[in-house]
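Chain by chain, the residues:
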Amino acid sequence: MSLGYAEKLSFIEDVGQVGMTEFFDSAHILQDKIEQLAKLIQKGRHLVAFTGAGISTSCGIPDFRGPKGIWTLQREGKPLPEASLPFHRAMPSMTHMALVELEKAGILKFVISQNVDGLHLRSGIPREKLAELHGNSFMEICPSCGSEYLRDFEVETIGLKETSRRCSDEKCGAKLRDTVLDWEDALPPKEMNQAEKHCRMGDLVLCLGTSLQITPACNLPLKSLRGGGKIVIVNLQKTPKDKKASLVIHAFVDKVIAGVMELLNMQIPPYIRIDLFQTVLTQSLSSDKRFVNWTIRIASVHGLSAPLPFIKSVEVSFSDSQNYKEAILNTQPFILKRRTVSKETFEMFLKLKFSDGCGCLSTHVKIPFDFQASTDGFKLDKNATLEKMREAAIQDSSCGQSAVVERRTVLVPKSEITVHAVITNVKAFDCHLSNGDAKPRKEGIRCSETTRKRSKGRKRKTIS
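In what follows, the accompanying structure is described.

## What to know about the environment of Pro86
Residue placement: Pro86 occurs in the loop between α3 (70-75) and α4 (94-104). Residue Pro86 is classed as partly exposed on the basis of its relative accessible area, which comes to 29%. Along the chain, Pro86 and Ile61 lie 25 residues apart, while their C-alpha atoms are 9.5 Å from each other.

## Points about the packing of aromatic side chains
For the structure on display, the rule yields 10 aromatic pairs. Between Phe318 and Phe346, the aromatic rings sit 5.9 Å apart at their centres with planes inclined by 65 degrees, giving edge-to-face as the arrangement. Taken together, the residues Phe318 in strand β13 (residues 311-318) and Phe346 in strand β16 (residues 345-354) connect sequence positions 28 residues apart. For Phe318, a relative accessible area of 8% translates into the label buried. Cation over ring: Arg122 sits above Phe138, and NZ or CZ is 5.0 Å from the ring centre.

## As for the sheet that holds β13
Hydrogen bonds along the backbone pair up the strands of a sheet, which may run parallel or antiparallel. One open sheet accounts for 4 strands, arranged β14-β13-β16-β17; its pairing is antiparallel. Whereas interior strands pair on both sides, the edge strands pair on one side only; in this sheet they are β14 (327-329) and β17 (362-370). When strand polarity is set aside, the average angle formed by the axes of neighbouring strands in this sheet is 20 degrees.

## Thoughts on unusual backbone geometry
Generally, phi is negative for residues other than glycine and the peptide bonds are trans, each holding for most cases. Of note, the bond from Thr215 into Pro216 is cis; its omega dihedral lies within 30 degrees of zero at 0 degrees. Relative to the elements of secondary structure, Pro216 occurs in the loop between β8 (204-208) and β9 (230-234). Look at Asn265: it is not a glycine, yet its phi comes out positive at around 60 degrees. The topology assignment puts Asn265 in the loop between α7 (253-263) and β11 (271-285). In the Ramachandran plot, Lys289 falls in the positive-phi region, its phi being about 65 degrees despite a non-glycine side chain. Of note, Lys289 is situated in the loop between β11 and β12 (291-299). Overall, the relative accessible area of 61% leaves Lys289 in the exposed class.

## So, the environment of Pro143
Considering the arrangement of structural elements, one finds Pro143 in the loop between β4 (139-141) and β5 (148-150). As a C-alpha pair, Pro143 and Arg177 span 34 residues in sequence and 7.0 Å in three-dimensional space. In contact with Pro143, not counting residues within four places along its chain, are Lys175, Leu176 and Arg177.

## As for the sheet that holds β4
Here 4 strands make up an open sheet; going across it, the order is β5-β4-β7-β6 and the pairing antiparallel. With one partner strand each, in any of the chains shown, β5 and β6 (162-166) form the two edges of the open sheet. The mean inter-strand angle of the sheet, taken between neighbouring strand axes irrespective of direction, is 35 degrees.

## Notes on the pattern of salt bridges
On inspection of all chains with the given rule, the structure shows 15 salt bridges. With a closest N to O distance of 3.0 Å, Asp275 and Arg89 form a salt bridge. Taken together, the positions of Asp275 in strand β11 and Arg89 in the loop between α3 and α4 put the pair 186 residues apart, joining distant regions of the chain. A single burial state applies to Asp275 and to Arg89, both of which are buried. Among the ionic pairs, Arg407 bridges to Glu416, the shortest N-O distance being 3.9 Å. Linked by salt bridges that have partners in common, Glu140, Arg151, Glu156 and Arg165 make up one network.

## Some words on the packing of α4 against α7
Two elements in contact, α4 and α7, have axes separated by 9 Å at closest approach and are oriented at 35 degrees. Judged by the sense of rotation from one axis to the other, the crossing of α4 with α7 is left-handed. Across the interface between the two elements, Met94, Thr95, Ala98, Glu101 and Leu102 from α4 touch Val253, Asp254, Ile257, Ala258 and Met261 from α7. Of the residues belonging to the contact of α4 with α7, the class tally is 7 nonpolar, 1 polar and 2 charged.

## Observations concerning the side chain of Arg122
Within the element layout of this structure, Arg122 appears in helix α5 (residues 119-123). Buried and unpaired, Arg122 has Asp275 as its nearest opposite-charge partner, separated by 5.7 Å. Apart from residues no more than four positions distant in its own chain, Arg122 is found in contact with Pro92, Phe138, Arg151, Asp152, Tyr271 and Arg273.

## Looking at helix α6 (residues 189-201)
Its 13 residues give α6 an end-to-end C-alpha distance of 18 Å, which sits within 8% of 18 Å, the value for a rise of 1.5 Å per residue. Of the residues making up α6, those classed as buried are Glu191, Met192, Ala195, Glu196, His198 and Cys199. Packing partners of the buried residues in α6 comprise β1 (47-51), β2 (108-113) and β3 (130-132).

Here is what the cut-offs are and how they apply
- Residues numbered from 1 in each chain as written.
- Predicted model: local features only at pLDDT ≥ 70, side-chain atom pairs only at ≥ 80, totals over all residues.
- Heavy atoms only, no water.
- Helix = DSSP H or I, 4+ residues; strand = E, 2+ residues; numbered from the N terminus.
- Buried < 20%, exposed > 50% of the residue type's maximum accessible area, 1.4 Å probe, protein only.
- Phe/Tyr/Trp six-rings, centres within 6.5 Å; stacked < 30°, edge-to-face > 60°.
- Lys NZ or Arg CZ within 6 Å of the ring centre and 35° of its normal.
- Pairing = 2+ DSSP bridges.
- Axes fitted to C-alpha atoms, helices over the stretch in contact; angles between N-to-C directions.
- Contact = heavy atoms within 4.5 Å.
- Salt bridge = Lys/Arg side-chain N within 4 Å of Asp/Glu carboxyl O.
- Left-handed = near helix turned anticlockwise from the far one by under 90°.
- Nonpolar A, V, L, I, M, F, W, Y, C, P; charged D, E, K, R; others polar.
- Lys, Arg positive; Asp, Glu negative; His and termini not counted.
- Expected span 1.5 Å × (residues − 1).

This is the structure we're talking about:
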């Protein structure tokens, strides 16, 4: 969970039980339980995942109630844990990506999340198959038309307050609000209704990394019992709902899910993060029409005044034939203003240096400059372009590749706005694990290639 989120919450004296003892099943018992869970998933028809903070601790996000949890340390008067990377750069875990594969295979029908880290959406779980009960630190919503906006930066407020941005729908334009609940806020009916519906339909509710203490969310899995469904709890601490569960597993969630996926003969896909930014090139003729006054701006696709958290600095250089001075832009907004002869054409080169948490140091973008160029814009098939980029990243096992997904022009002032996509992280996972240890891999994504082959006809093996 974000330390910033914890600090923004209103103070309350009683946050429930904290500092809870962690338990670990022995290797023999754990393997037996993993096999039982795999059989339940294989036999089930409507699997629902109910996730808590424990699913994200391997992503570098501290939990709340564990021995080193945020609320545990606060109660003990100890310093809060330091996040291993910026909250906005946290990447989905092995479990997040396994859930994506289960959903794509038609096994997982719905995900209910108590987390505000937004990692289920980033991993690839479809929005219509996800209920974020406590909100999303990276999501804004329009209270008027209901439009949702997923950001690459952490929204500055919590408690369903107004933010500094407005709905982009020209017919609306209402002020946006954050989606993260404070203590006194009721769970959003839209999310809650979907969660209740799927829990009632579920023949298996898989609770992952949750202490099941926060009401009313913690009672949702129980609704499956009325229809004959079963509950499985995977958590390091004991929970108040353990007696209602058909199976309780005390182990790291990633370790359990990795074992289950191997038994189901299913591979865990890699996580590919693609970030967007825009370049805005504005031009105007000088009064004597001999020169062009131009400005290049590297900005967020969420608005010119929005932060651009994954870019640390921009180096601007020019083609060798031009004797133009290079520039280094170290602070946002990244803006460079220059004047050149009106008849000149040249190329500008941008070296974008990435912030901490990105998988590579930088990427390069070429910007052609021609004052007489056509003002026609274009818009590519964004989804197709992004999918090609993902496939290339998997093939190369690297990040830094970029592509243009949209270009549009504005006549007054004369401007060319180009939206770029860039791969900033590639995270792959071991497919076959020794002793059940789940570890991300930095190189090689052979398992993802197997995943694509399986989707074309490879069958899951039956667990005896």
